[in-house]
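# Survey of secondary and tertiary structure
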Amino acid sequence: MTANPDPNVDTVWVEKVALIDQIPRWAAMLGLAVIVIAIWELATARMGWVSPIILPSPGETLDDLIFVGKNLLSGGYMLEALWTTTRTVFWAFVIAAGIGFSLGVLVGETKFGERAVMPYLVAIDTMPKVAFAPLFIAWLGFDIASKVALAAFIATFPIVVSTAAGLYAASENERMLFKSMGASRLQTLFRLKLPTGLPHIFTGLKIAAVGVMAGAITGEFLGGGQGFGALIRQSASQMDTPRVFALILYLSLLGLALFFAVAWLQKRLVFWNKADRPGGVG
Amino acid sequence: MTMAEPRPLTAAHPAAAARPVYEIARLSKTYARNSLTALTDVNLTLHKGEFVSVVGSSGCGKSTLLKIMSGLLPPTTGRVVLEGKPVTGPRADIGMMFQQATLLPWKTTAENIVLPIEIREGRAAAKAALPRALDLLKLVGLGDFANVYPGELSGGMAQRASICRMLISNPAVLLLDEPFSALDELTRDFMNMELQRICAEQQSTAFLVTHSLAEAVILSDRILVMKPRPGRIVEEIVIDLPRPRTLEMINTPRFGQIVAHIRDLLGKEAFQ
Ligand SMILES: Nc1ncnc2c1ncn2[C@@H]1O[C@H](COP(=O)(O)OP(=O)(O)O)[C@@H](O)[C@H]1O
Ligand SMILES: [Mg+2]
């Protein structure tokens, strides 16, 4: 720093870009995976800090991944179990979406629903819903129905809440516009409130997609049967930890598939909700 | 130019000869919820082709008056008659425009414009009205944007589209509640000139609520000045600036004189 800077010298002050911003996302993710697996390998196979019964080495896990994958591809008993769980998850999601949406409309659209129904829903929602599993098994047996019921029960509430919130999302101005056009209550519901609420509703559906997976597997843990959850429990009771790891990884693919199916549908239906919209609403 | 001889501001207005379109007499409104008297003894008549504005500080009952005129809110007492028929609810011959354009983002601009027809007469009628929506879009200079979604329109363009939506059902009266107050000043000036042109072309009868004195003066044939607690009209001012109005008129002494007069009427507390 000089007291009399040269007028011909430009200011040199380079904008800094943080290191993490210079790395592409895939490289960052890959890097983290490599680090985690390296530590995992070190802790298990190389140094033996952790017993293989608690945590299998990456190699053992990979072997089991391949074994389970082969069984699935060859249409073995694991594919059958996965198919059972898939059906459970599918029906539970459909039922939760149907009931959740209907209750959401009742709560969001009618004073009766808001005043009389909502308090009960909130009360039930605060209960640990898994505790109802023995009841569902007693009512519906050890077959797929009791798991569907538990999973649907868990997944319904986020859809109710998000649907009701979605129906409140239309602005005062939009409601006034519809009123001034002489729109009926049903017209306002179907042509204004529901489309405006779609992004909210899909948020609820995504939470439900996660909940339905948790519900189905919990149901299979507690109620036995043919599903993937039963396989996991079986392997765990035999201390076959690598198999448990492998099964969980394949199970998570099912959850991801459901989640992305919902996300894909949202992208198709809520096509307008991307850029900022100065002329549009909300 | 001197200001030596100011013409009187309150005088008989030329439009009085035209047919009355909207008549309000002895109107009062007390909100049942909180027993708050928002309006008392409001009398006004809008004549065919006339542009009337109401100015007043916030909370003086402007929006209440407009909601009653649009059939969104029942009056407590008084006569509210449009085209000879009492207003007892929303009507197709009332056109409304709000501060926000409120275009539905899942409908194209043209579909948004025929929405009032879709709601009142069904989808087939709305489809049949699309050519007229296109004409209106051309009128406001949005001819190329009929099939664009509102997300791609600027704020000013969206408000122009909402002008079209208001005009699609050929309303007998246009009710405008601070329609451009959410826009930036340059766009707002431009939109005011557009509004003047459109109203002249359509020979619309318009009623504008605003809290911009300049906007009211540049657009109106008459200005009603309201005061709050309880809301009432304290003076009616005829704007005798020649038509068509231009933005340059804002710099004329007459314009300044009118604005100063209204500001005096409203008192110091009104526009802070
Ligand atoms: N729905 C309502 N219920 C009770 N009071 C209201 C309601 N709407 C407006 N008011 C009251 O009526 C008065 C006039 O309000 P408004 O017509 O919105 O005034 P402005 O549009 O001139 O700002 C205000 O004091 C406001 O608080
Ligand atoms: Mg207002």
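Right above here is the structure, for reference.
Bear in mind that the values here come from a model prediction, so they are computed numbers and not experimental data. (Residues numbered from 1 in each chain as written. Chains lettered and ligands numbered in written order. Predicted model: local features only at pLDDT ≥ 70, side-chain atom pairs only at ≥ 80, totals over all residues. Heavy atoms only, no water.)

Turning our eyes to something else, we now look at the overall build of chain B. Of the regular secondary structure elements, chain B holds 9 helices and 10 strands. Relative to the 2.2 N^0.38 estimate, which gives 19 Å for 272 residues, the radius of gyration of chain B is 19 Å and therefore close to what a compact globule would have. Within chain B, the fraction of its 272 residues that count as buried is 55%. When the accessible surface of chain B is summed, it comes to about 12,000 Å², and 53% of that surface belongs to carbon and sulfur atoms. Side-chain charges of chain B comprise 30 positive and 27 negative groups, with the mean position of each set lying 6 Å from the other. (Helix = DSSP H or I, 4+ residues; strand = E, 2+ residues; numbered from the N terminus. Rg over C-alpha atoms; globule rule 2.2 N^0.38 Å. Buried < 20%, exposed > 50% of the residue type's maximum accessible area, 1.4 Å probe, protein only. Areas by Shrake-Rupley, 256 points an atom, 1.4 Å probe, with all protein chains shown as cover. Lys, Arg positive; Asp, Glu negative; His and termini not counted. Charge placed at Lys NZ, Arg CZ, Asp CG, Glu CD.)

This part is about the overall build of chain A. Summing up its helical and strand segments, chain A has 11 helices and 0 strands in all. Among the 282 residues that make up chain A, the fraction classed as buried is 41%. Relative to all contacts within chain A whose residues are 6 or more apart in sequence, the contacts with residues 24 or more apart total 69%. Taken as a whole, chain A presents about 16,700 Å² of accessible surface, with 69% of it coming from carbon and sulfur. Counting 21 positive and 18 negative side-chain charges, chain A places the centres of these two groups 12 Å from one another. (Contact = heavy atoms within 4.5 Å.)

What follows is about a nonpolar patch on the surface. All names here are of chain A. Together, F90, W91, V94, I95 and I99 make up a nonpolar patch on the protein surface, roughly 460 Å² of accessible area in all. Looking at where V94 falls in the secondary structure, it is placed in helix α4 (residues 77–109). By relative accessible area, V94 is classed as partly exposed at 37%. (Patch = residues over 30% accessible without salt bridge, like charges linked within 9 Å, V, L, I, M, F, W, Y side chains within 5 Å. Salt bridge = Lys/Arg side-chain N within 4 Å of Asp/Glu carboxyl O.)

Further remarks concern the site of ligand 1. Residue and element names in this part refer to chain B. As a matter of local geometry, ligand 1 sits amid 13 residues, with G59, G61, K62, S63 and T64 nearest to it. Interatomic distance of 3.2 Å between a side-chain N/O atom of Y31 and a nitrogen atom of ligand 1. The backbone of C60 places a nitrogen or oxygen atom 3.3 Å from an oxygen atom of ligand 1. Contact with the protein chains covers 68% of the free accessible surface of ligand 1, which is 560 Å². The set of elements that each furnish at least two residues to the shell around ligand 1 consists of β2 (36–47) and α1 (62–69). (Near = heavy atom within 4 Å. Polar contact = N/O pair within 3.5 Å; in protein donor to acceptor, adjacent residues only side chain to side chain.)

All names here are of chain B. Examined against the element boundaries, R188 turns out to sit in helix α7 (residues 185–202). The exposure class of R188 is buried, given its relative accessible area of 14%. Filtering out sequence-adjacent residues up to four positions away, R188 remains in contact with F180, S181, L183, T210, S212 and E215.

A few words now on the pairing of strand β4 (residues 77–82) of chain B. All names here are of chain B. Inspection of the sheet shows strand β1 (residues 20–31) paired to β4 by 5 bridges, in the antiparallel sense. The partner of Y22 across the bridge, within β4, is L82. In this structure, β4 lies alongside strand β5 (residues 85–86), joined through 2 bridges in antiparallel fashion. If you follow V81 over to β5, its bridge partner there is P86. Hairpin connection between β4 and β5: a loop of 2 residues separates the two successive antiparallel strands, and E83 in this loop has a positive phi of roughly 50 degrees. (Pairing = 2+ DSSP bridges.)

As a further point, take unusual backbone geometry. Residue P230 of chain B is bonded to the preceding R229 of chain B through a cis peptide linkage, with omega at -10 degrees. Among the structural elements, P230 of chain B can be located in the loop between β9 (222–227) and β10 (232–238). That bond from R243 of chain B to P244 of chain B is cis: its omega, 0 degrees, falls within 30 degrees of zero. One non-glycine residue with positive phi stands out, namely M239 of chain A, at about 60 degrees. Position of M239 of chain A relative to the elements: it lies in the loop between α10 (228–237) and α11 (241–269). The backbone of R229 of chain B sits at a positive phi, close to 50 degrees, despite the residue not being glycine. For R229 of chain B, the position within the fold is in the loop between β9 and β10. Residue R229 of chain B is classed as exposed on the basis of its relative accessible area of 72%.

What follows is about empty space enclosed by the protein. Within this structure, the stated rule accounts for 4 cavities of 30 Å³ or more. Forming the boundary of the largest cavity are 15 residues, of which S180 and M181 of chain A together with I94, G95 and M96 of chain B lie nearest the centre. Counted by class, the lining of the largest cavity contains 7 nonpolar, 5 polar and 3 charged residues. By volume, the second largest cavity amounts to about 50 Å³. Counting only elements with at least two residues in the lining of the second largest cavity, the list comes to α4 and α7 (144–167) of chain A. Within the lining of the second largest cavity, the residues separate by chemical class into 2 nonpolar, 5 polar and 3 charged. (1 Å grid on protein atoms, 1.4 Å probe; cavity = no way out; pocket = protein on both sides within 12 Å on 5 of 7 lines; lining within 4 Å. Points joined across faces, edges and corners; volume = space filled by probe spheres on them. Nonpolar A, V, L, I, M, F, W, Y, C, P; charged D, E, K, R; others polar.)

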